[in-house]
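Single-letter residue listing:
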Amino acid sequence: RSIVKGTIDTQDPRNVVIEFFANAVPTPGGDPSGHGEGAVFLGAARPNPHGKFTATLPRVPVGTLITATATDAAGNTSEFAANVAASFP
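This is a predicted model, so every value here is computed, not measured.

Help me understand the confidence of the model for the protein chain in this model?
A low pLDDT means the predicted coordinates there should not be read in detail. Put simply, the protein chain has an average pLDDT of 89, and 96% of its residues get 70 or more. Considering each helix and strand of the protein chain separately, the mean pLDDT is smallest for strand β6 (residues 84–85), with a value of 88, and largest for strand β3 (residues 40–45), with 96.

Next up, the structure:
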């Protein structure tokens, strides 16, 4: 398993769903901007009232790019977040 922890800064984080995606390197490797491309859906998490979240996702190979989106209760979805390369803790 892979563990992703973070914080989202939004007015009411409890009404947000954060979805995580993997992008293999070198193909597709994410967008040249360094953000996104949701090639493989990994899972989702809901933040606590303070915006903190922990997501337990399927294991991915080291170097796989992980990105996320946030969707609010009205169905508005953010752009893809910056890619982060998976690593061992």
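The discussion continues.
Please clarify how the side chain of threonine 67 should be interpreted in this entry.
Note that threonine 67 resides in strand β5 (residues 65–71). On the basis of relative accessible area, threonine 67 is assigned to the buried category, the value being 2%. Within the structure, the side chain of threonine 67 is placed 2.7 Å from the backbone oxygen of alanine 81, a separation counted as a polar contact. Ignoring sequence-local partners within four residues, the contact set of threonine 67 consists of Glu19, Phe20, Phe21, Asn23, Gly36, Glu37, Phe80, Ala81, Ala82 and Asn83.

Looking at this structure, I do not really get the packing of aromatic side chains. What am I missing?
In this description, a pair of aromatic rings is defined by centroid distance and the angle of the planes. Throughout the structure, instances matching the rule amount to 3 aromatic pairs. Ring centres 5.9 Å apart and planes at 50° place the aromatic pair phenylalanine 20 and phenylalanine 53 in the tilted group. Separated by 33 residues along the polypeptide, phenylalanine 20 in strand β2 (residues 17–23) and phenylalanine 53 in strand β4 (residues 52–57) bring together distant segments of the chain. Each member of the pair, phenylalanine 20 as well as phenylalanine 53, carries the same accessibility label: buried. Grouped by ring-pair contacts, the aromatic residues Phe21, Phe41 and Phe80 constitute a single cluster.

Criteria and cut-off values
Residues numbered from 1 in each chain as written. Predicted model: local features only at pLDDT ≥ 70, side-chain atom pairs only at ≥ 80, totals over all residues. Heavy atoms only, no water. pLDDT = per-residue confidence, 0-100. Helix = DSSP H or I, 4+ residues; strand = E, 2+ residues; numbered from the N terminus. Buried < 20%, exposed > 50% of the residue type's maximum accessible area, 1.4 Å probe, protein only. Polar contact = N/O pair within 3.5 Å; in protein donor to acceptor, adjacent residues only side chain to side chain. Contact = heavy atoms within 4.5 Å. Phe/Tyr/Trp six-rings, centres within 6.5 Å; stacked < 30°, edge-to-face > 60°.

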